[in-house]
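Analysis of the macromolecular model
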Amino acid sequence: MAATGHSLGIPEITSVGVIGAGQMGNGIAHVAALAGLPVVLVDVKAEALDKALATIRRNMDRQQAKGALTAEAKEAALGRIRTGTEMALLGESDIVIEAATEREALKLAIFKAACPLLKPAAILASNTSSIPITRLAAATDRPERVIGMHFMNPVPVMKLVEVIRGIATDEPTFDAVLALAGRLGKVTAVSQDYPAFIVNRILIPMINEAVQALQEGVGDVRSIDTALKLGANHPMGPLELADFIGLDTCLAIMRVLHEGMGDSKYRPSPLLVKYVEAGWLGRKAGRGFYDYSQDPPKATR
């Protein structure tokens, strides 16, 4: 087999590209810049990039106010982030992390468009929370250098990164990504490439079960959330958490599980489907299992 240029040990990642400037993308750019790495953040919409930079600054201001960051470190980190709407800007990045919406067709299109613009040794990572890495990798010119790097939301706060190897992911890529996660101050959990990986394989069916219990009238919204908060010591109840994640995202992950496993225990709750059809997607829509137009939010069932 031809050498891939990785025979000299772990390839060191010294620069990061991020595709998608939404909630996850700006969080990944934030932690990479704070870790001293130059970052290129790319999005098709210029206004999304402006919004992302404002969010990063606001979140760093918060860290500074708490004493976790000096003013100098903050300005230096902000100075490491370049933004643009052209994917060609990613040409020099050692790793490119895709953080687009959780739609497989979109992620595949991004991977196909990005590959010809990247240097041959560049690693391509996806922040997907449920889509098979092997399938994404197969659409690229470098399946051995494709990997899953699933950050948790909000990225600057949450310690975990799930690292998922596709069937073709090689050892140097895996080692380089573990080292990068450590540099970003994250703890890794390694998952096999099965639908929804570890966190969402366990978490989202629990949320789905809570919605099903709500549908069947086992308890109302507040009772279900209080029961899990105080009875299982969860910081947030499952329905409150579903609103935070986005009910459309929860439904998409349940559908990935149902389709990938072919097991009826992963069938999405009809009530979850109903809320998504109504556009009641949770916090981002102002209404989900709670109505956020009032403070404190009022349960909708």
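As named in an unreviewed UniProt entry, the protein chain is 3-hydroxybutyryl-CoA dehydrogenase, taken from Teichococcus coralli.

1. What to know about the packing of helix 10 (residues 247-261) against helix 11 (residues 270-278)
Running from amino to carboxyl end, helix 10 crosses helix 11 at an angle of 135°, the nearest separation of the two axes being 9 Å. Looking at the two axes, helix 10 sits oblique to helix 11. Relative to helix 11, the crossing made by helix 10 is left-handed. In this structure, helix 10 uses Leu247, Asp248, Cys250, Leu251 and Arg255 to contact helix 11, whose residues at the interface are Leu272, Val273, Tyr275 and Val276.

2. With respect to the domain arrangement of the protein chain
Domain annotation for the protein chain reports domain 1 (16-192) and domain 2 (201-299). Centre-to-centre separation of domain 1 and domain 2, based on C-alpha positions: 27 Å.

3. Considering the side chain of serine 130
One can find serine 130 in the loop between strand 5 (123-126) and helix 5 (133-138). Apart from residues no more than four positions distant in its own chain, serine 130 is found in contact with Glu102, Pro195, Ala196, Phe197, Ile253 and Val256.

4. Re unusual backbone geometry
With an omega dihedral of -5°, the bond running from asparagine 153 to proline 154 counts as a cis peptide bond. Inspection of the secondary structure assignment puts proline 154 in the loop between strand 6 (146-151) and strand 7 (160-165). For alanine 196, which is not glycine, the phi torsion reads 70° and is therefore positive. Residue placement: alanine 196 occurs in the loop between strand 8 (187-191) and helix 7 (199-215). Phi is positive for phenylalanine 197, close to 60°, though the residue is something other than glycine. Mapped onto the secondary structure, phenylalanine 197 falls in the loop between strand 8 and helix 7.

Each value, and the rule that gives it
Residues numbered from 1 in each chain as written. Predicted model: local features only at pLDDT ≥ 70, side-chain atom pairs only at ≥ 80, totals over all residues. Heavy atoms only, no water. Axes fitted to C-alpha atoms, helices over the stretch in contact; angles between N-to-C directions. Helix = DSSP H or I, 4+ residues; strand = E, 2+ residues; numbered from the N terminus. Parallel < 35°, antiparallel > 145°, perpendicular 65-115°, else oblique. Left-handed = near helix turned anticlockwise from the far one by under 90°. Contact = heavy atoms within 4.5 Å. Domains from an automatic or database assignment.

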